[in-house]
Amino acid sequence: MKLDDLLGRYREELEGAQAPNLEHLFAPTQEVRGGGRRAWYGWAGLAVAAGLVLMVFLGPRGAEEKKPVVAAVKAEVVAPEVVVAQPERTVVAKRSVVARKPEVERATFVALAEMDMLPEPRVYQVVRVSVDEARLVGLGLREARLASGRQVAAQVLLGEDGIARAIRVLGEDRD
Amino acid sequence: MEVVELVERVSGVGENDLAARIRRGERSALREVYDRTQQRLYRFALAMAGNADEAGDALQETFVQLVRRPEQFDPARGSIEAFLYGVLRNRLRQQRRQRRDFVQEFDWEECEETGDETLLEGMLRSAQVELVREAVLSLPTHYREVVVLIELEETSYDEAAEALGIPVGTIRSRLSRARGLLEKKLQEGGAKR
């Protein structure tokens, strides 16, 4: 048999060969990407909502768990500024003020739950504020049944971005 | 014919748009190229590699490269089909280096009666085809590429020259030499059987 005839037979065989289906390589990806992005937003929103719910209902327990971390912050950054901000603590002559000192010392800064998501500030600032006691209930720092609606004095630990990272309740605001 | 249509489109204004869309990686354009070229590229790969697995792998890697790096296609240097042939040939060469046992033994168990052929005719036909297949596979790559494109795919000399990136004169001389080698191989193979 001639070469051309043999090649013709081989050609016929090859023409019957079916290429593997690779259509999946060319599937549009826009919808998938968009869906993924939407899904990400949805999950992020859900996570934030869950965080807020946890902060309101489980605040006290969460606050207790965060104490060691806050204590470390206090030791490194806050303590010196607090002393400066409250000169009465350094005045030995006034016995009445000295008597209040242990009460202030017992209170400690409590981290605000969702602040973990923010970058850690390089510089902190302590600001003294007057807070409605009802708001402390929302932060898990007061039990609702004990809240009387009075104003209490507190110190707020601010980051350089102006966002509060922690709060320390000082007591009833007498000013 | 697919190649003719493709070449016509490459030379047209519309094809310039297609080339731009390919380079931008638009899935619809890539899919259009795939639909037009996949069968021809697969037959080329099958004839060059000698087995369906290797041909399928090389074809997939070729289109994956097109999808991932569409900007590598430069319409100024040739058609999209020539580009794909180039990628496919490189893949086949890489595979061949990795798998030295690329020529498989013919499986007589797979011989089946087809159509109006008797079993004996079918076996003879398969044996002849196998003889040619082995002879083609035994050719050096640069001869085998020309035989597959010109003799098996029936592409024109110009198209084959573009796909392989060599002058038409080289195509002619390689084909002439390859046919001589094939005849010699077939005579040797026929005598052995």
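Not measured: the values here are computed from a predicted model.

Calculation criteria
Residues numbered from 1 in each chain as written. Chains lettered and ligands numbered in written order. Predicted model: local features only at pLDDT ≥ 70, side-chain atom pairs only at ≥ 80, totals over all residues. Heavy atoms only, no water. Helix = DSSP H or I, 4+ residues; strand = E, 2+ residues; numbered from the N terminus. Buried < 20%, exposed > 50% of the residue type's maximum accessible area, 1.4 Å probe, protein only. Contact = heavy atoms within 4.5 Å. Expected span 1.5 Å × (residues − 1). Polar contact = N/O pair within 3.5 Å; in protein donor to acceptor, adjacent residues only side chain to side chain. Buried area = accessible area lost by both parts, 1.4 Å probe. Salt bridge = Lys/Arg side-chain N within 4 Å of Asp/Glu carboxyl O. Nonpolar A, V, L, I, M, F, W, Y, C, P; charged D, E, K, R; others polar. Pairing = 2+ DSSP bridges. Core = buried A, V, L, I, M, F, W, Y, C linked by side-chain atoms within 4.5 Å. pLDDT = per-residue confidence, 0-100. Phe/Tyr/Trp six-rings, centres within 6.5 Å; stacked < 30°, edge-to-face > 60°. Axes fitted to C-alpha atoms, helices over the stretch in contact; angles between N-to-C directions. Parallel < 35°, antiparallel > 145°, perpendicular 65-115°, else oblique. Left-handed = near helix turned anticlockwise from the far one by under 90°.

Draft legend 1. Structural view of the overall build of chain B. Scanning chain B from N- to C-terminus turns up 9 helices and 0 strands. Listing the helices and strands of chain B from first to last along the sequence gives α-α-α-α-α-α-α-α-α. The 193 residues of chain B split such that 46% are buried. Pairs at least 24 apart in sequence give 67% of the contacts found in chain B among residues at least 6 apart.

Draft legend 2. Inspection of helix H5 (residues 80-98) of chain B at higher detail. Taking 1.5 Å as the rise per residue, H5(B) with 19 residues should run 27 Å; its terminal C-alpha atoms sit 27 Å apart, in good agreement. Inspection of H5(B) places B:Ile80, B:Glu81, B:Ala82, B:Phe83, B:Leu84, B:Tyr85, B:Val87, B:Leu88, B:Arg89, B:Leu92 and B:Gln95 among the buried residues, and these make up the whole buried set.

Draft legend 3. How the structure looks around the side chain of B:Glu151. Mapped onto the secondary structure, B:Glu151 falls in helix H7 (residues 141-152). Polar contacts involving the side chain of B:Glu151 include one to the side chain of B:Arg179, which spans 2.7 Å. Ignoring sequence-local partners within four residues, the contact set of B:Glu151 consists of A:Asp4, A:Leu7, A:Arg11, B:Val146, B:Leu175 and B:Arg179.

Draft legend 4. Just the interface of chain B and chain A, in detail. Taken together, the contact pairs 29 residues of chain B with 24 residues of chain A. Carbon and sulfur atoms supply 66% of the area that chain B and chain A bury against each other, a total of about 2800 Å² over both sides. Taking the shortest distance from any N to any O, the salt bridge between B:Arg179 and A:Asp4 comes out at 2.9 Å. Viewed at the interface, chain A and chain B are joined by 7 residue pairs in polar contact (both at pLDDT 80 or more). Secondary structure elements with two or more residues in the side of chain B that touches chain A: helix H3 (27-49), helix H4 (52-68), helix H6 (119-138), H7 and helix H9 (168-192) of chain B. Looking at the side of chain B that touches chain A element by element, the count peaks at 10 residues for H3(B). Here the side of chain B that touches chain A is built from residues that sort into 15 nonpolar, 5 polar and 9 charged.

Draft legend 5. Inspection of the sheet that holds strand S2 (residues 124-132) of chain A at higher detail. Residue and element names in this part refer to chain A. Taken in spatial order, the 4 strands line up as S1-S4-S3-S2 in an open sheet, and their pairing is antiparallel. Unpaired on one side and paired on the other, strand S1 (110-111) and S2 mark the two borders of the sheet. Inspection of the sheet shows S2 paired to strand S3 (residues 151-159) by 9 bridges, in the antiparallel sense. Among the inter-strand pairings, Val 131 is bridged to a residue of S3, identified as Val 152.

Draft legend 6. Local environment of the pairing of strand S4 (residues 164-172) of chain A. All names here are of chain A. Of all 9 residues in S4, 8 are buried, a share of seventy percent or more. Here 2 bridges tie S1 to S4, and the two strands are oriented antiparallel to one another. Its bridge partner lying in S4, Val 110 is registered against Ile 167. Where S3 and S4 come together, 7 bridges link them in antiparallel fashion. Within S4, the residue paired with Ala 154 across the bridge is Val 169.

Draft legend 7. Summary view of the nonpolar core. Residues and elements named next belong to chain B. Grouped together as the largest cluster of nonpolar side chains are 63 residues, with contacts concentrated most on Ile 22, Phe 63 and Leu 66. In terms of residues, this core owes the most to one element, H3, which gives 12 residues. Those residues in contact with Leu 66, other than ones at most four positions away along the chain, are Ile 22, Leu 30, Val 33, Ile 80, Phe 83 and Leu 84.

Draft legend 8. Geometry of the confidence of the model for chain A. Residue and element names in this part refer to chain A. On average, residues of chain A score 67 in pLDDT, and 55% of them are at 70 or above. Per-residue pLDDT, averaged within each element of chain A, yields its smallest value for helix H3 (residues 59-85) (45) and its largest for helix H1 (residues 3-15) (88). In this model residues 30-37 is a low-confidence stretch, pLDDT under 50, and it forms 0 contacts with partners more than four residues away in sequence or in other chains. Here residues 101-105 scores under 50 on pLDDT; set against residues more than four positions off or in separate chains, the count is 8 contacts.

Draft legend 9. How the structure looks around the confidence of the model for chain B. Residue and element names in this part refer to chain B. Averaged over chain B, the pLDDT score is 82; the fraction of residues at 70 or greater is 77%. Within chain B, helix H1 (residues 2-11) has the poorest average pLDDT of any element, 50, and H7 the best, 94. A low-confidence stretch, residues 102-115 (pLDDT under 50), is modelled with 19 contacts involving residues beyond four sequence positions or located in other chains. Interface predicted TM-score (ipTM) for the complex: 0.72; the corresponding pTM is 0.51.

Draft legend 10. Examining the packing of aromatic side chains more closely. Counting across every chain of the model gives 5 aromatic pairs over all chains. With centroids separated by 5.9 Å and ring planes inclined at 80°, the aromatic side chains of A:Phe26 and B:Phe63 adopt a geometry described as edge-to-face. On the criterion of chain membership, the pair formed by A:Phe26 in the loop between H1 and helix H2 (30-57) and B:Phe63 in helix H4 is interchain, its members lying in two chains. One exposure class covers both A:Phe26 and B:Phe63, and it is buried. Through a chain of ring-to-ring contacts, three or more aromatic side chains come together here, namely A:Phe26, B:Tyr34 and B:Phe63.

Draft legend 11. Broad picture of the packing of H3(B) against H7(B). Residue and element names in this part refer to chain B. Relative to each other, H3 and H7 sit at 135°, their axes nearing to 10 Å. Classified by the interaxial angle, the pair formed by H3 and H7 is oblique. Handedness of the H3/H7 crossing: right-handed. Across the interface between the two elements, Phe 44, Ala 47 and Met 48 of H3 pack against Thr 141, Arg 144, Glu 145, Val 148, Leu 149 and Leu 152 of H7. Residues belonging to the contact of H3 with H7 are distributed by class as follows: 6 nonpolar, 1 polar and 2 charged.

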